[in-house]
Amino acid sequence: MDYNTEVINRAATQLAEMFKNIVISQQQGGQGIPAIAQIESHMREVLRQIGLRALGQFLSAMQTTPASEIPCACGGTLYYQRMREATITSVFGKTSYTRAYYAGCSCQRGKSPLDEQFGLKPGAVTAGLAQLLALAGIEFSYDQSPKWLQAYLLFEVSENTVRSETEQMGALQEKQEEGLIQRSQDETYLQERQRMPGPVVPRLYGSIDAAKVRIEPRPKRGQAPEEHEDWRDMKVLCWFETENVPPAQRSARQRQQVERQQVALRAKNLRYFCDIRGADDFGKLLWATGCNLKADLSPELIFLGDGAVWIWNLVAKYFPNAIQIVDWYHAEEHLEIVASAAFPQDPDRTNWLEGVTQALWDGQVEQVVAACKALAASCELARKAAHYFYANAERMRYDRFRAAGYMIGSGTVESGCKQIVTQRLKLPGAQWTITGAVQTAKARAAWLSGHWQTLCNLRSALPLAI
Ligand SMILES: [Zn+2]
């Protein structure tokens, strides 16, 4: 859009003049000069009022002389009734406009072509406001969101509106994912893709994790709500690539990594997907999103996980050629737990831990298993750890993985779980329905994956599709 600077200048001059006169008359009345913050906030409010009126007037002005009849979607005819007022809530607040209203078709439906033309739904929020509300909703708890929005937008929005707009974004994301799932089960598409794969990512990573979400207890007869607390696993999947970190940008952890590994890697192009579903259904999402990224065609596909059996089962089922790696930090943590449990005191604890950590780092998993087994008789945690290292031995050949330049532990998906689940779904007082938790998480994942604009575009087209 090209703006007419002259019109803007003229309006600005008028506004400046108005404020100058107010301040002068206040001074004459004995009041001092107001602080700039005060001027700013008043000017924002005035600009909002201008926007409110301008938008309403603009929409009314776009109504051309109405035709006496127009075709109805059902195939019948709609007849012009009258000019009718409608209210919408835009980024400026609640605003009204007038447009032609048609009715009289045998299908009983009426409509205003202007609303369709601009994608407006009377009584609802505009797409422009919807995306701002949803942006607050993925970041703040629903009861806190209105407070933040009031500060930014200068008008009140209800908690329920923020919730429904955020969930709407999540629902749009879900719909996109369903589309991907359907396509990933279509033989023709899969064959076509094999035949003409196009560019693929040479080294692609996948990472899967889960975190608990508290689902609103529905009181059962004769039971106090706390007796059946309901926690569900929100599974989080992250696809990513890696790049070398330039020395100046390295974090303390990355500097440590370089000292040990001679190279600092960081994740880029992160794409998060999440859901509260059983592993089988989550596997469909894993395959569908992987398919979309051509993960199966990637010459090197690497999966990082914490060692949970369901994760490796899914990876083996859908991406049998992938390299499986147990996240280094998880493996290391197991050793720390054993050390604390088996050795009450230093230096025994540190000596043992240093030895096994070095062995693990060198890919000598059998040595680690033996060290844990030696403690198994007197320490249950050591016995469990021995089993854990034994079962995951091939996923812990860190010497080989490091030599190949693979990322062996990034916290990438963990931070995905943290960013999606902990930071938003576990906010104080947060209680969820399954749908509410899933849709809010999906909207948040879309934002973190740089997929937000796509959802906004879909949201813009929404009222037209109804
Ligand atoms: Zn009709």
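Here the structure is shown first, and the text comes after it.
First, a word on scope: everything that follows refers to the structure included in this document. (Residues numbered from 1 in each chain as written. Predicted model: local features only at pLDDT ≥ 70, side-chain atom pairs only at ≥ 80, totals over all residues. Heavy atoms only, no water.)

Focus on the overall build of the protein chain
Secondary structure summary: the protein chain contains 18 helices and eight strands in total. The C-alpha radius of gyration computed for the protein chain amounts to 29 Å, which surpasses the reference 23 Å derived for 466 residues by more than 25%, pointing to a less compact arrangement than a globule. Along the first, second and third principal axes, the C-alpha set of the protein chain runs to 85 × 70 × 60 Å. Put simply, the protein chain has 466 residues, and 42% of those count as buried. In the protein chain, 69% of the contacts between residues at least 6 apart in sequence involve partners at least 24 apart. Surface summary for the protein chain: the accessible area is close to 25100 Å², and the carbon and sulfur share equals 52%. (Helix = DSSP H or I, 4+ residues; strand = E, 2+ residues; numbered from the N terminus. Rg over C-alpha atoms; globule rule 2.2 N^0.38 Å. Buried < 20%, exposed > 50% of the residue type's maximum accessible area, 1.4 Å probe, protein only. Contact = heavy atoms within 4.5 Å. Areas by Shrake-Rupley, 256 points an atom, 1.4 Å probe, with all protein chains shown as cover.)

Some remarks on the coordination of the zinc ion
Note on the zinc ion: its protein donors are Cys72 (SG), Cys74 (SG), Cys105 (SG) and Cys107 (SG). The metal-donor distances range over 2.2 to 2.3 Å. Classification of the site at the zinc ion rests on its four donor atoms, whose angles at the metal span 95 to 118 degrees, yielding the label tetrahedral. Binding-site remark: the zinc ion is held by donors from one chain whose sequence spacing is C-x1-C-x30-C-x1-C. We classify cysteine 105 as buried; its relative accessible area is 7%. Judged by relative accessible area, cysteine 107 falls into the partly exposed class, the value being 25%. (Donors = N, O, S within 2.8 Å, 3.2 Å for Na, K, Ca; no water. Tetrahedral: all angles 85-135°; square planar, octahedral: opposite > 155°, others 65-115°.)

Brief notes about the pairing of strand 7 (residues 300–305)
Within strand 7, five of the six residues are buried, which leaves it mostly tucked inside the rest of the structure. Taken together, the five bridges between strand 4 (residues 203–215) and strand 7 define a ladder with parallel strand orientation. Across the sheet, arginine 203 pairs through a bridge with glutamate 300, a residue of strand 7. One ladder, built from four bridges, connects strand 7 with strand 8 (residues 323–326); its direction is parallel. By the bridge assignment, glycine 305 is partnered in strand 8 with valine 326. A crossover links strand 7 with its parallel partner strand 8, the connecting element being helix 10 (residues 309–318), and its sense is right-handed. (Pairing = 2+ DSSP bridges. Right-handed = clockwise from strand over helix to strand, strands pointing away.)

Points about the nonpolar core
In this structure, Met234, Trp239, Phe303, Phe319, Trp352, Phe389 and Tyr398 are the most contacted members of the largest nonpolar core, which totals 92 residues. In this structure phenylalanine 319 touches Trp239, Leu286, Trp287, Gly290, Ala295, Asp296, Leu301, Phe303 and Leu314, once residues within four positions along its chain are discounted. In this structure, Ala134, Ala443, Ala446 and Trp452 belong to the second largest nonpolar core, which totals ten residues. (Core = buried A, V, L, I, M, F, W, Y, C linked by side-chain atoms within 4.5 Å.)

Comments concerning the packing of helix 4 (residues 127–137) against helix 6 (residues 159–183)
Where helix 4 meets helix 6, the closest approach of the two axes is 8 Å, and the angle between their N-to-C directions is 95 degrees. Judged by the angle between their axes, helix 4 and helix 6 are roughly perpendicular. Listed contacts from helix 6 to Ala130, Gln131, Leu133, Ala134 and Gly137 of helix 4 are Thr161, Val162, Glu165, Thr166 and Met169. Considered class by class, the residues forming the contact of helix 4 with helix 6 number five nonpolar, four polar and one charged. (Axes fitted to C-alpha atoms, helices over the stretch in contact; angles between N-to-C directions. Parallel < 35°, antiparallel > 145°, perpendicular 65-115°, else oblique. Nonpolar A, V, L, I, M, F, W, Y, C, P; charged D, E, K, R; others polar.)

Digging into helix 10
Buried within helix 10 we find Ile311, Trp312, Leu314, Val315 and Tyr318. For helix 10, the buried positions fall inside an angular range of 160 degrees around the axis, keeping them on one side. Seen from the open side of helix 10, the exposed residues pointing more than 90 degrees away from its buried face are Val309 and Lys317. On the buried face of helix 10, the contacting elements are strand 4, helix 9 (279–292), strand 7 and strand 8. (Arc of directions from axis to C-beta.)

What about the pattern of salt bridges?
Going through the model one piece at a time under the given rule, you end up with 22 salt bridges. Taking the shortest distance from any N to any O, the salt bridge between glutamate 116 and lysine 111 comes out at 3.5 Å. Overlapping salt bridges bring together Glu177, Asp275, Arg277 and Lys442 as one network. (Salt bridge = Lys/Arg side-chain N within 4 Å of Asp/Glu carboxyl O.)

Some words on the environment of leucine 149
For leucine 149, the location among the structural elements is in helix 5 (residues 145–153). Judged by its relative accessible area of 5%, leucine 149 is buried. Spatially, the C-alpha atom of leucine 149 lies 29 Å from that of alanine 211, the residues being 62 residues apart in sequence. Leucine 149 has contacts with Leu132, Leu133, Ala136, Leu154, Phe155 and Val162, leaving out every residue within four places of it along the chain.

Some thoughts on the packing of aromatic side chains
The final tally for this structure, using the stated rule, is 18 aromatic pairs. With a centroid separation of 5.0 Å and an interplanar angle of 15 degrees, the aromatic rings of tyrosine 205 and phenylalanine 240 are classed as stacked. Of this pair, tyrosine 205 sits in strand 4 while phenylalanine 240 sits in strand 5 (residues 230–244), and the two are 35 residues apart along the sequence. We classify tyrosine 205 as buried; its relative accessible area is 0%. Measuring from ring centre to ring centre gives 5.8 Å for tryptophan 239 and phenylalanine 319, while their planes differ by 80 degrees; the resulting arrangement is edge-to-face. In this pair, tryptophan 239 is assigned in strand 5 and phenylalanine 319 in the loop between helix 10 and strand 8, connecting sequence segments 80 residues apart. Each of the two residues, tryptophan 239 as well as phenylalanine 319, counts as buried. Cluster of aromatic residues (ring-pair linked, three or more members): Trp239, Trp287, Phe303, Tyr318 and Phe319. Directly above the ring of tyrosine 101 sits arginine 84, whose terminal nitrogen or CZ lies 4.1 Å from the centroid. Sitting above the plane of the tyrosine 142 ring, arginine 424 keeps its charged end 4.7 Å from the centroid. (Phe/Tyr/Trp six-rings, centres within 6.5 Å; stacked < 30°, edge-to-face > 60°. Lys NZ or Arg CZ within 6 Å of the ring centre and 35° of its normal.)

Notes on the packing of helix 6 against helix 17 (residues 434–448)
At a minimum axis separation of 7 Å, helix 6 and helix 17 run at an interaxial angle of 75 degrees. Accordingly, the angle class assigned to the pair helix 6 and helix 17 is roughly perpendicular. Contacts between helix 6 and helix 17 pair Thr166, Glu167, Met169, Gly170, Ala171, Gln173, Glu174 and Glu177 from the former with Gly436, Val438, Gln439, Thr440, Lys442, Ala443 and Ala446 from the latter.

Some words on the sheet that holds strand 4
In space, the five strands of this open sheet follow the order 6-5-4-7-8, with mixed pairing throughout. In the strand order of this sheet, the two ends are held by strand 6 (265–275) and strand 8, each with one partner. Across the sheet, the axes of successive neighbouring strands diverge by a mean angle of 25 degrees, strand direction being ignored. In this structure, strand 4 lies alongside strand 5, joined through eleven bridges in antiparallel fashion. Residue tyrosine 205 lies in a different strand from strand 5, and its bridge partner there is phenylalanine 240. Sitting on the sheet, helix 17 is in contact with strand 4, strand 5 and strand 6, with an inclination near 155 degrees to strand 6.

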